[in-house]
Amino acid sequence: MEQKREQLIQVFLEKNSQINLSAIRDEQGVYDKHIRDALEVKNVFELEPGMQVCDVGTGWGFPLLPLAIEYPDVHFTGMDSVRKKLDAIWEMTKQLNVTNIELLWKRAEECKDLQFDVITARAVAYVDKLLPWTKHLLKQWGVWILFKQVDEQERQDLLQLCGQLNLKLEKRYEYKLFDWDIERVIYVVRRLGGTWKPR
């Protein structure tokens, strides 16, 4: 696993030098700000073999790639509307020999016939847009895992949405990746049973 993570760093930096994926251009930065951040999921939720996970707005493949490496028995789907990003991820999966990833070149609202056990989203959109956009993708009793910066107003809006959309905020996990890092938070939000309440 550690060897695969090291390989991911090298593959990402190589791809980044070709098409400018990220402002982060050093090994430690990629590890801290992308890989370690993705693996914070382990502190809030246990992905189980056979689960179907969708990383919405997957961008350049985080948290998608580190999680797929960490959980080889979980099936991951990376969804994004920008083809260039998905092409880069596809090339990286080939170099890394990661076989449990599928990629979809679509917006979440265009996918009407897919549902997942877990949806991850890292710095994609504010919760008042993200949850309504993606709610049809989540199975009943499934969860969103939302990577955010700490923002009290967004937390209040999330709690309000939970009441409107029949959801439950199960966990709120605050962390920093290093001493001078921004304040980060992961929310685990569960879709409860029953029909969706209208907004």
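Residues numbered from 1 in each chain as written. Predicted model: local features only at pLDDT ≥ 70, side-chain atom pairs only at ≥ 80, totals over all residues. Heavy atoms only, no water.

## Here we look at unusual backbone geometry
Both trends apply: most residues other than glycine have a negative phi, and most peptide bonds are in trans. Let me state the cut-off plainly: Secondary structure counts use DSSP, requiring at least four H or I residues in a row for a helix and at least two E residues in a row for a strand, with both numbered from the N terminus. Each residue is assigned to one of three classes by its accessible area relative to the maximum for its type, calculated with a 1.4 Å probe on protein chains only: buried under 20%, partly exposed between the two thresholds, exposed over 50%.
In this chain, Phe-62 is followed by Pro-63 through a cis amide linkage whose omega measures 10°. For Pro-63, the location among the structural elements is in the loop between strand E1 (52–56) and helix H3 (64–70). Of note in this structure, Asn-97 is not a glycine but carries a positive phi near 55°. Relative to the helices and strands, Asn-97 is located in the loop between helix H4 (83–96) and strand E3 (101–105). Overall, the relative accessible area of 58% leaves Asn-97 in the exposed class. The phi dihedral of Ala-123 falls on the positive side, at around 55°, and the residue is not glycine. On the secondary structure map, Ala-123 appears in the loop between strand E4 (116–122) and helix H5 (127–134). Among the residues examined, Ala-123 registers a relative accessible area of 71% and is labelled exposed.

## Some details on the side chain of Lys-15
What counts is decided by this rule: A contact between two residues is defined here by any heavy atoms of the two lying within 4.5 Å.
Checked against the element boundaries, Lys-15 lands in helix H1 (residues 2–19). If we skip the residues at most four places from it in the chain, Lys-15 touches Asn-20, Leu-21, Ala-88, Glu-91 and Met-92.

## Some details on the pattern of salt bridges
Filter applied, for reference: A side-chain nitrogen of Lys or Arg and a carboxyl oxygen of Asp or Glu constitute a salt bridge if their distance falls within 4 Å.
For the structure shown, the criterion picks out 14 salt bridges. For Arg-184, the salt bridge is made with Asp-37, and the minimal N-O distance between the two is 3.6 Å. Here Arg-184, found in strand E7 (residues 184–191), pairs with Asp-37, found in helix H2 (residues 27–39); they are 147 residues apart in sequence, far enough to count as distant. Across this residue pair, the class does not change: Arg-184 and Asp-37 are buried. Note that Lys-148 is salt-bridged to Glu-154, the shortest N-O span being 3.0 Å. Assigned by exposure class, Lys-148 and Glu-154 land together as buried. Several salt bridges converge on common partners, so that one network encompasses Glu-2, Arg-5, Lys-42 and Glu-70.

## Quick word on the environment of Val-189
Within the element layout of this structure, Val-189 appears in strand E7. Exposure remark for Val-189: the relative accessible area of 0% places this residue in the buried category. Along the primary structure Val-189 and Asp-151 are separated by 38 residues, whereas in three dimensions their C-alpha atoms are 16 Å apart. Once you skip the residues sitting within four places of it in the chain, Val-189 turns out to touch Gly-142, Val-143, Trp-144, Leu-146, Leu-158, Cys-162, Leu-167, Lys-168 and Leu-169.

## Digging into the nonpolar core
Stated precisely, the cut-off is as follows: Among buried residues, the Ala, Val, Leu, Ile, Met, Phe, Trp, Tyr and Cys ones that are joined through side-chain atoms within 4.5 Å form a nonpolar core.
Judged by nonpolar contacts, the single largest core of 43 residues is most densely connected at Phe-45, Leu-47, Phe-76, Ile-101, Val-118 and Ile-145. Contributing elements (two or more residues each) for this core: H1, H2, H3, H4, E3, strand E5 (138–149) and E7. Formed by 25 residues, the second largest nonpolar core is a distinct cluster that contains Ala-121, Leu-130, Leu-161 and Leu-165.

## As for the packing of H1 against H4
Here is the rule: Only the stretch in contact is used when a helix axis is fitted, and all axes are lines through C-alpha atoms; the angle between N-to-C directions ranges over 0 to 180 degrees. The cut-offs work like this: below 35 degrees is roughly parallel, past 145 is roughly antiparallel, 65 to 115 is roughly perpendicular, and the gaps in between are oblique. Rotating anticlockwise by less than a right angle from the far helix to the near helix defines a left-handed crossing, while the corresponding clockwise rotation defines a right-handed one. The residue classification treats Ala, Val, Leu, Ile, Met, Phe, Trp, Tyr, Cys and Pro as nonpolar and Asp, Glu, Lys and Arg as charged. All others, Gly included, are polar.
Between H1 and H4, the shortest axis-to-axis distance is 10 Å and the interhelical angle comes to 140°. Comparing the axis directions of H1 and H4 gives the class oblique. Between H1 and H4 lies a crossing whose hand is right-handed. Touching Lys-4, Gln-7, Leu-8, Val-11, Phe-12, Glu-14, Lys-15 and Ile-19 of H1 are Lys-84, Ala-88, Glu-91, Met-92, Gln-95 and Leu-96, all from H4. Its residues assigned to classes, the contact of H1 with H4 comprises seven nonpolar, two polar and five charged.

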